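So you can see what is in the structure, the chains are spelled out below.
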Amino acid sequence: MAHLGTVRRRALAVPVGLALTASLAFLPSVAASAAPLGAAASAEPTASGPELSYVVNLTAYATAKEAKKAVERAGGTVVTAYEQIGVVVAHSQNPDFAKVLRAQRSLVVSVGATRTAPLKAVQTDEEGTTQKLSAADAAKAAAQAAPGEEPLEPNQWDLRAIKADQAQKINDGSPDVTVGVIDTGVDDTHPDLAANFSKGQSANCVGGVADTTEGAWRPYADGSDHGTHVAGTIAAARNGIGISGVAPGVKVAAIKVAEPGTSLFFTEAVVCGFVFAAEHHIAVTNNSYYVDPWYFNCKTDDDQKALVEALTRASRYAERKGTLTVAAAGNANWDLAAPSILDGTSPDDATPVPRTIDPKVCLSLPAQLPGVVTVTATGDQGLRSYYSSYGLGVADVTAPGGDKWQVPATPDANGRVLSTLPGGGYGYKQGTSMATPHVVGVLALLKSKYPWAAPSQLQAMLKAQADPKSCPDKIYDATGALIDAATCKAKWGQTNYYGAGMVNALDAVK
């Protein structure tokens, strides 16, 4: 599972951002300016392996004609080409497909398989536990709601932790600002989301090509509730029905990138999501996942290096077009700035093979892409959540993600985050996935007040307005025991647990 919404133990070379020459400008444009170049027959003698998906990162001098011919000669078929960033998505059954293309250095910078399992393999994925809101807890909250509060708002300790309830009395966000939830899909028919949902800025990017047909962005029938939960935290409307989002006046769009029936997010889908968001005027994207199948992508590996390259190009393109990317730090309780990390989760589309990685060359994506805001999680007491990964120079800010051991004085006494679920329901989740949309909501409020602000300016304001947090004496561990916070470090006026501090919605709108 690649999403970071619940605590789990299983399941981030060159930052290029190359702009292609005008020789690629004639590619026909569809969806998110992705250009299907037509099917080409694989070379029969080399079509002996499983069909895999690849990203091919082109040089600045490659032409569309040359790229297509090179892919075909290597026994592949072009699925789509993102001319804006020089990334081609291709399928091939040739076991030597990547090797053949890597030899063509005048055309290709890097090539990598985006997964280890065949395209048509049946994949399974653990879905994290969602605790549904009981009728009794809903009634208890509604009975304690103050005038002007949403019926379930008494249970939203997380809104109060970042002063979002106070901020909304000044500015609840502009409908001219759209945030994009790059995730498992969003149920736009939910009564708390329907009024703020933007269909024209939503799509299904699975496979690498954006599908904007009606409802394509919704969760699969057998899919995850993760994206809908995230969307509610950002922009659930103040309409007297259920909960409130951090920025209930902004618009929210869905960009689905999860494989059918799973929460697996592969590179071609995420590249599509970044480009689609950039070209559909989305101000901020929420990325509560890591890109499968590798928890860490190492620049020393030819395949993984290519995934880093493609995602870096896409995220930098989005930033240039005015879209800020926000990502979850992860739920493995890892120090992402440690000298080494034992990763026992990868690849998660096949049998994992434990490996010790060097965080200097192996990155968790998209959390460690350049220009990305990386978010850690806290509970009701403001302590780092027991599962939250962290890292000095990696963590930018922190926000409420929930912690079952930090029990709030709410009607439900539930330390997780309450938000929307598909089908009109509500439920609780915890994870850095839940912290990230709080940050996205605050950024949406900042963008509403400062519509001229570029992504780098928004990020600077977010950190400047965060409430600094020092290292705590104690934190909870996974068993609920209070232990010494021996792993907390401070430097440059920040900590590895909290970055610049807790985001503050009230300061964002003052």
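Conventions used here
- Residues numbered from 1 in each chain as written.
- Predicted model: local features only at pLDDT ≥ 70, side-chain atom pairs only at ≥ 80, totals over all residues.
- Heavy atoms only, no water.
- Helix = DSSP H or I, 4+ residues; strand = E, 2+ residues; numbered from the N terminus.
- Buried < 20%, exposed > 50% of the residue type's maximum accessible area, 1.4 Å probe, protein only.
- Areas by Shrake-Rupley, 256 points an atom, 1.4 Å probe, with all protein chains shown as cover.
- Polar contact = N/O pair within 3.5 Å; in protein donor to acceptor, adjacent residues only side chain to side chain.
- Contact = heavy atoms within 4.5 Å.
- Phe/Tyr/Trp six-rings, centres within 6.5 Å; stacked < 30°, edge-to-face > 60°.
- Lys NZ or Arg CZ within 6 Å of the ring centre and 35° of its normal.
- Salt bridge = Lys/Arg side-chain N within 4 Å of Asp/Glu carboxyl O.
- Pairing = 2+ DSSP bridges.
- Axes fitted to C-alpha atoms, helices over the stretch in contact; angles between N-to-C directions.

### Section: the overall build of the protein chain
On a plain count of helices and strands, the protein chain comes out with 11 helices and 22 strands. For the protein chain, the residues scored as buried account for 63% of the 510 residues in total. Just so you have it, the protein chain exposes about 17300 Å², and 54% of that area is on carbon and sulfur atoms.

### A few points about the side chain of His 190
Here His 190 is to be found in the loop between strand 6 (178-183) and strand 7 (203-204). For His 190, a relative accessible area of 0% translates into the label buried. Side-chain polar atoms of His 190 contact the backbone oxygen of Gly 425, separated by 2.9 Å. With residues near it in sequence (within four places) discarded, His 190 still touches Thr 420, Leu 421, Gly 424, Gly 425 and Tyr 426.

### Points about the packing of aromatic side chains
The final tally for this structure, using the stated rule, is 11 aromatic pairs. Judged by centre distance (5.2 Å) and plane angle (35°), the rings of Tyr 295 and Phe 296 are tilted. Given a relative accessible area of 3%, Tyr 295 falls into the buried group. On the basis of relative accessible area, Phe 296 is assigned to the buried category, the value being 1%. Ring geometry for Tyr 386 versus Tyr 387: centroids 5.3 Å apart, planes at 80°, classification edge-to-face. Residue Tyr 386 is classed as buried on the basis of its relative accessible area, which comes to 6%. Following the ring pairs from residue to residue traces out a cluster consisting of Tyr 290, Tyr 295, Phe 296 and Trp 334. Sitting above the plane of the Tyr 220 ring, Lys 256 keeps its charged end 3.8 Å from the centroid. Lying across the ring of Tyr 498, Lys 469 places its NZ or CZ 4.8 Å from the centre.

### Let's talk about the pattern of salt bridges
Considering all chains together, one arrives at 13 salt bridges under this definition. With a shortest N-O distance of 3.2 Å, Glu 214 and Arg 218 are connected by a salt bridge. For the salt bridge of Arg 313 with Glu 309, the shortest nitrogen-to-oxygen distance reads 3.0 Å. Placement of the pair is Arg 313 and Glu 309 together in helix 8 (residues 302-320), with a separation of four residues, close to one helical turn. Among the residues examined, Arg 313 registers a relative accessible area of 0% and is labelled buried. The exposure class assigned to Glu 309 is buried, which follows from its relative accessible area of 1%. Linked through salt bridges whose partners overlap, the residues forming this network are Asp 188, Lys 199, Glu 214 and Arg 218.

### Focus: the sheet that holds strand 5 (residues 131-132)
Strands sit in the order 5-18-17 across an open sheet of three strands; the sheet is antiparallel. Each edge of the open sheet carries a strand with a single partner, namely strand 5 and strand 17 (417-421). Sitting on the sheet, helix 6 (residues 226-235) touches strand 17 and strand 18 (425-429), and the angle it makes with strand 17 is about 115°.

Everything listed here is a matter of geometry and, on its own, says nothing about what the molecule does.
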